[in-house]
Amino acid sequence: MLWQRARPLLGTLVSIYVRTPEVTSLVDADVRVAMEAAFDVIAHIGRVMSAHQPESDLARLSRATPASNLTLDPHTVAVLTCAQHWQRVSGGAFDPSTAAVRLLQKGWRPGLSMTTPSSGVGLQALRVLSATSVRVDHALCLDLGGIAKGYAVDQAVAVLTQHGITSALVNAGGDMRAIGPHVWRLDVRHADRSVRDRQMCGLRGLCHAAVATSVAGVNNPEFVASIASMRRSTAWQSATVQAHDCLTADVLTKWALQSSRVCPSLTTNLRKHGARMWRSL
């Protein structure tokens, strides 16, 4: 049996699909409770890591005084820890501070403070003290959109599993993760309409894995131009990554968009995480 629910969250439409066998100990109420709990954790993550809300953790970081300790939501601290790791291993290709400053300058993140310093130090100015606290050298302007959505999908899957769900798909606007033996059909369209179907022939379905797609250029040509200028590399218009979890897939798409055709460190990390990548110009 198939259950399906959808809710507008994270600036997109989040859909959850749950499959149960004909013979199961779960009843309709159990499945509904599990799906509602999964939506609730996604909504919570969206609130605490919003760059639009003045009381979110990101807004508080943007107003922090120098050398101060802040108590944050555990989900925010977990994402910040992952962001630090990926900023380091990508050599700065993944950088939430650069993304935030660029958007702030255009006035697209009203929840963040305009008094924050320019990018350059970024997450290096933050030290994680515990699961709920951090210390910052100065105010930090961050946009975690490149990692938080994948994290939210993973957390929703974890909640479903905790409620006894063994086969499901969580789809947050193209960032998705599947659990269970069922193969969920995918239809991935790249930004470049000339990409041949054979280039995506290895990604027709999703089973026990996650996939994310990032697109630049179709609606944001300035972003592609800045990437090409900053990295002196090909201005990729879209990237799709399949990995074991959605956070990893999400981050690797952002790195892939900013790397050249040959990037040994990206290739190494793709292999390390058992990930596959598709890109188009």
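Attention in this report is confined to the structure presented alongside it. (Residues numbered from 1 in each chain as written. Predicted model: local features only at pLDDT ≥ 70, side-chain atom pairs only at ≥ 80, totals over all residues. Heavy atoms only, no water.)

Read from one edge of the open sheet, seven strands run β1-β2-β6-β7-β10-β11-β12, paired in antiparallel fashion. Across the chains shown, the open sheet's two edge strands, defined by having one partner strand only, are β1 (2–9) and β12 (276–280). Strand-to-strand twist of the sheet, defined as the mean angle between neighbouring strand axes without regard to direction, takes the value 10°. Here helix α5 (residues 145–162) sits on the sheet in contact with β2 (12–19), β6 (168–172) and β7 (175–179), set at roughly 25° to β7. (Pairing = 2+ DSSP bridges. Helix = DSSP H or I, 4+ residues; strand = E, 2+ residues; numbered from the N terminus. Axes fitted to C-alpha atoms, helices over the stretch in contact; angles between N-to-C directions. Contact = heavy atoms within 4.5 Å.)

So, on to the pairing of β2. Sheet analysis places β1 next to β2, joined by eight bridges and oriented antiparallel. Note that in β2 the partner of Arg7 across the bridge is Val14. The turn linking β1 back onto β2 is made up of two residues, and Leu10 within it adopts a positive phi angle of 55°. In terms of strand pairing, β2 meets β6 through five bridges, oriented antiparallel. Its bridge partner being in β6, Val18 is matched across the sheet by Ala168.

Moving on, we get to the pattern of salt bridges. Inspection of the entire model under this criterion finds five salt bridges. The shortest N-O distance in the salt bridge between Arg7 and Glu36 comes to 2.5 Å. Separated by 29 residues along the polypeptide, Arg7 in strand β1 and Glu36 in helix α1 (residues 28–48) bring together distant segments of the chain. Measuring nitrogen to oxygen at the nearest pair gives 3.2 Å for the salt bridge that ties Asp57 to Arg60. (Salt bridge = Lys/Arg side-chain N within 4 Å of Asp/Glu carboxyl O.)

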